[in-house]
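# A structural walkthrough
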Amino acid sequence: MELSEIKGIGTKKLEVLNSMGIHDVNDLLNYFPTRYENRSIVKNISQLKDQDNCVIKVKFIDKPVTRYIRKNLNLTTAMAFDDTAKINVSWFNQPFIRNQIKPDTTYYLYGKIQRNRNQIKISSPIMSKKFGGKIGIIYPIYKLKKGITNNDMIKFIDYALKNSINEVKSVIPYSMRASYKIESKRDAIKNIHKPTSYAEFKKARTALVLEEILIMQLAMRSIKISNNSSDYIEFAKDDSINEFVSSLKFELTKGQLDAIKDIEQDMISPRRMNRLIQGDVGSGKTVVAEAAMFKACKCGYQCAFMAPTDILATQHFESVSEDFKDSGIRVCLLKSDLSKADKEITLRGIKSGYFQIIVGTHAIIQDFVEFNKLGLVITDEQHRFGVGQRKKISDKGDNPDVLVMTATPIPRTLALSYYGDLDISTINEMPKGRKKVETYSVGFSYEKRIANFIRKQINLGFQAYIVCPLIEESESLDLENVTALYDRLNREYFSDINIGMLHGKMKSTEKDEIMKKFIEGDIKILVSTTVIEVGVNVKRANVIVIYNAERFGLSQLHQLRGRVGRSSDQAYCILINNASTDQQMERMNIMVTTNSGFELSQKDLLMRGSGDLLGTRQSGIPMLNIADLEKDAELIEKVSMVCDFILGNKLYQKDEYENLNREVVKFKEKLLKDVIFN
Ligand code: ADP
Ligand code: MG
């Protein structure tokens with residue numbers, strides 16, 4: 001059946017449905033309610049509590065009267081009663097109700113009750129003579145767009161359920177459904193739209209969530225870095241890591257040492273390393289990566305070290321070159337905008353094995369890059385890479401070991417779902433002597449004071465970042481843009497101070513030049529877009545000012561704040577904002593009171609739900625339709641074991657897995673295309 005064959009769907013409504021992501025009957029049936037109103041329980045008026053939402057069964061005492069309060073506002077009221085008490089019923093701007101209400105007739109009303117000591121009221125209730133239409137059911141509420149009402153959705157879905165439910169096929173294999181007592185997909189779909197009890201809804205939801213999680217996890221595991229051969233690299237047992245650690249100028253924290261130990265174990269074992277290092281911004285992940293690269297090089301392998309931005313790749317190239325300068329290890333930088341000649345030399349050096357460490361952006365995963373003996377692949381700020389990119393880079397070479405690093409802690413359930421068998425090491429402490437970054441939330445009127453403060457810090461030998469959200473002029477959003485802000489600050493406050501500007505639209509060589517000057521302390525203040533968001537490490541910078549901070553998400557603010565406080569000096573983060581909604585104010589408040597990224601991400605998760613943790617490039621395609629990574633944590637753990645069982649026993653080869661396999665392939669394609677962590 002086509003959508004247009006459903007009663008009530010004409011071209012207009014069809015268009016709206018399409019814009020809601022509903023293109024066929026199957027989409028329609030899988031468009032689940034976001035919540036329900038329980039309109040199925042009739043209560044006595046005398047039992048009602050203030051703020052109850054409920055159904056009452058009443059007759060009216062007399063004909064309603066309408067009062068005109070002012071222009072465009074009138075109020076119709078009437079008294080109604082049941083066997084237990086009287087209730088005052090009112091409707092705004094619905095004078096026609098007067099003529100609909102008949103004496104001696106029973107009505108069901110649904111709405112919110114207001115009750116104080118001497119009066120019980122219900123205002124603008126939904127009204128029906130029969131029990132079983134709008135009232136008398138658990139009423140589903142759908143997310144809507146203009147042009148489609150909730151009642152439309154209910155009618156369309158009803159029609160589809162009546163005429164097309166038989167086309168729905170179960171995805172979970174029958175044997176599994178039987179052993180876990182999961183209801184059929186048809187029943188689940190029917191009951192999620194029209195549950196007759198909470199228990200029925202719960203059962204339907206479980207079946208649908210389970211199916212979704214199962215598909216997701218199997219898809220994720222099938223992406224798991226190509227596993228077609230068993231000859232993984234077994235790096236030699238040697239003393240190289242100790243050698244590296246003792247060459248360092250500072251003492252590593254216990255968290256760093258533990259992570260390095262985990263890595264060493266993985267490297268010398270015959271299995272492949274597939275490890276995530278998570279540690280808050282500033283916890284010192286780079287040096288951990290260096291330890292791994294040092295060992296790989298000493299064992300005769302090449303390493304690829306990939307960063308999500310040009311600036312970060314360049315910075316890593318510089319610090320790796322510096323740290324390895326006495327070791328004889330040869331390092332190169334591969335970016336997309338190298339000159340043709342440079343690129344050729346670099347590529348040749350990579351292919352011949354001359355370069356042992358290749359630092360770069362995603363340019364490294366382009367097909368024309370050939371390695372000589374790639375043994376280790378590291379991606380920094382992993383959350384910025386797509387799942388597809390991650391796979392592509394680890395497919396290079398002969399099963400290289402894989403290390404990924406992130407400052408954005410991934411909740412365990414998410415890690416489990418999205419990485420399957422990834423091992424995790426957590427660095428949960430900061431290098432000794434670090435102070436908490438003092439964070440302030442202020443209004444725009446503080447600008448002058450802030451400028452004075454920055455000047456004072458510069459006089460003490462420090463530097464500052466000033467971040468603004470957008471680069472193009474955008475009147476509608478009223479945001480400071482980087483060029484305008486740079487000009488204005490330069491003119492109004494800092495005409496005698498060397499200030500620089502950085503944004504994503506600049507050429508890479510220009511960016512490098514500016515960054516270099518900032519690192520060397522030539523430039524004292526860097527006015528920048530969020531291109532500095534991840535990884536940038538300039539120790540003398542101790543102030544970061546963020547304009548329109550209310551426009552940023554929590555994890556992004558935390559990343560930005562992480563640009564300062566990278567030494568034992570006191571650092572400051574100033575959030576200039578116009579926060580007006582509760583959410584925005586809450587975010588500012590969390591930033592001011594919370595310094596730990598782990599705590600922050602927990603709060604973030606609570607505020608926005610895990611759905612938003614996954615950004616999809618094409619916005620509007622939520623990866624998960626019904627499962628909730630937080631709420632369904634327990635199920636996710638269970639399903640993870642079920643997946644082990646399915647994969648371990650190759651159950652997917654059985655006929656009854658056909659539908660499931662097909663869905664897994666579909667989901668996998670979506671994942672490779674769309675998912676990035678952010
Ligand atoms: P992130 O985890 O955010 O990537 P980095 O690796 O950039 O952090 O480290 C931040 C800064 O801290 C760097 O300047 C680094 O040299 C320094 N650092 C790392 N580990 C230690 C340590 N154990 N003691 C002192 N400083 C350290
Ligand atoms: Mg880093």
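Look a little higher up for the structure.
The structure reproduced in this document is the subject of the present report.

Procedures and definitions
- Residues numbered from 1 in each chain as written.
- Chains lettered and ligands numbered in written order.
- Predicted model: local features only at pLDDT ≥ 70, side-chain atom pairs only at ≥ 80, totals over all residues.
- Heavy atoms only, no water.
- Helix = DSSP H or I, 4+ residues; strand = E, 2+ residues; numbered from the N terminus.
- Buried < 20%, exposed > 50% of the residue type's maximum accessible area, 1.4 Å probe, protein only.
- Contact = heavy atoms within 4.5 Å.
- Areas by Shrake-Rupley, 256 points an atom, 1.4 Å probe, with all protein chains shown as cover.
- Pairing = 2+ DSSP bridges.
- Axes fitted to C-alpha atoms, helices over the stretch in contact; angles between N-to-C directions.
- Phe/Tyr/Trp six-rings, centres within 6.5 Å; stacked < 30°, edge-to-face > 60°.
- 1 Å grid on protein atoms, 1.4 Å probe; cavity = no way out; pocket = protein on both sides within 12 Å on 5 of 7 lines; lining within 4 Å.
- Points joined across faces, edges and corners; volume = space filled by probe spheres on them.
- Nonpolar A, V, L, I, M, F, W, Y, C, P; charged D, E, K, R; others polar.
- Domains from an automatic or database assignment.
- Patch = residues over 30% accessible without salt bridge, like charges linked within 9 Å, V, L, I, M, F, W, Y side chains within 5 Å.
- Salt bridge = Lys/Arg side-chain N within 4 Å of Asp/Glu carboxyl O.
- Lys, Arg positive; Asp, Glu negative; His and termini not counted.
- Charge placed at Lys NZ, Arg CZ, Asp CG, Glu CD.
- Right-handed = clockwise from strand over helix to strand, strands pointing away.
- Near = heavy atom within 4 Å.
- Polar contact = N/O pair within 3.5 Å; in protein donor to acceptor, adjacent residues only side chain to side chain.
- Sits in = over half its atoms within 2 Å of the grid points.
- Parallel < 35°, antiparallel > 145°, perpendicular 65-115°, else oblique.
- Left-handed = near helix turned anticlockwise from the far one by under 90°.

As a further point, take the overall build of the protein. On a plain count of helices and strands, the protein comes out with 22 helices and 25 strands. Buried residues in the protein amount to 52% of all 678 residues. Put simply, 74% of the contacts in the protein that link residues at least 6 apart link residues at least 24 apart. Approximately 32,700 Å² of the protein is accessible, and the part contributed by carbon and sulfur atoms is 49%.

Reading across the sheet, the six strands line up as S18-S23-S22-S19-S21-S20 and stay open at both edges, with parallel pairing between neighbours. Edge strands, defined here as strands with exactly one partner in the open sheet, are strand S18 (438-442) and strand S20 (499-502). Going across the sheet, the axis of each strand differs from the next one's by a mean of 15°, ignoring polarity. As paired strands, strand S22 (residues 541-546) and strand S23 (residues 572-576) are joined by four bridges and run parallel to one another. In the sheet register, Val 543 faces S23, and the bridge partner there is Tyr 572.

Next up on the list: the packing of aromatic side chains. We describe a pair of aromatic rings using the distance from one ring centre to the other and the angle between the two ring planes. Taken as a whole, this structure holds 15 aromatic pairs when the rule is applied. Note on Phe 294 and Phe 324: the rings are 5.7 Å apart at their centroids and 55° apart in plane angle, and the pair reads as tilted. Taken together, the residues Phe 294 in helix H10 (residues 286-298) and Phe 324 in the loop between helix H11 (310-323) and strand S13 (331-334) connect sequence positions 30 residues apart. Side by side, Phe 294 and Phe 324 carry an identical accessibility label, which is buried.

As a volume, the second largest pocket reaches approximately 1,600 Å³. In terms of lining, the second largest pocket is formed by 48 residues, of which the most central are Phe 250, Ser 319, Asp 323, Asn 537 and Lys 539. The set of elements that each furnish at least two residues to the lining of the second largest pocket consists of helix H8 (240-247), H10, H11 and helix H17 (508-519). The element that contributes the greatest number of residues to the lining of the second largest pocket is H11, accounting for six residues. A breakdown of the residues in the lining of the second largest pocket according to their chemical character gives twelve nonpolar, 15 polar and 21 charged. Of the residues that make up the lining of the second largest pocket, three or more belong to each of domain 2 (240-427) and domain 3 (438-594).

A few words on a negative patch on the surface. Together, Glu 318, Glu 513, Glu 520 and Asp 522 give the surface a local cluster of negative charge. Within the secondary structure, Glu 520 is located in the loop between H17 and strand S21 (525-528).

By the alternation rule, side chains of strand S14 (residues 357-360) split into Ile 357 and Val 359 and Ile 358 and Gly 360, which are all buried. In this structure, strand S12 (residues 302-306) lies alongside S14, joined through four bridges in parallel fashion. Bridge pairing in S14 places Phe 305 opposite Val 359. Pairing analysis gives four bridges linking S13 to S14, with the strands arranged parallel. In the strand pairing of S14, Val 331 is matched with Ile 357. A crossover connection joins S13 to the parallel S14 through helix H12 (residues 340-352); in handedness this β-α-β unit is right-handed.

This next bit is on the site of ligand 1. Taken together, 17 residues surround ligand 1, and among them Glu 251, Gly 282, Lys 285, Thr 286 and Lys 539 come closest. Thr 286 is positioned with one of its side-chain polar atoms (N or O) 2.7 Å from an oxygen atom of ligand 1. Contact between ligand 1 and Arg 434: an oxygen atom at 2.9 Å from a side-chain N or O atom of the residue. Contact with the protein chains covers 88% of the free accessible surface of ligand 1, which is 560 Å². Given that more than half its atoms are within 2 Å of the pocket grid, ligand 1 belongs to the second largest pocket. The residue inventory of the shell around ligand 1, partitioned by class, reads four nonpolar, seven polar and six charged.

Moving on, we come to the packing of H11 against H17. For the pair H11 and H17, interaxial distance at closest approach is 10 Å and the crossing angle is 55°. Classified by the interaxial angle, the pair formed by H11 and H17 is oblique. The interaxial crossing formed by H11 with H17 has right-handed handedness. Packed against H11, whose contacting residues are Asp 310, Ile 311 and Thr 314, the element H17 presents Ser 508, Lys 511, Asp 512 and Met 515 at the interface. Of the residues contributing to the contact of H11 with H17, the split by class is two nonpolar, two polar and three charged.

What is shown is where atoms sit, not what they do.
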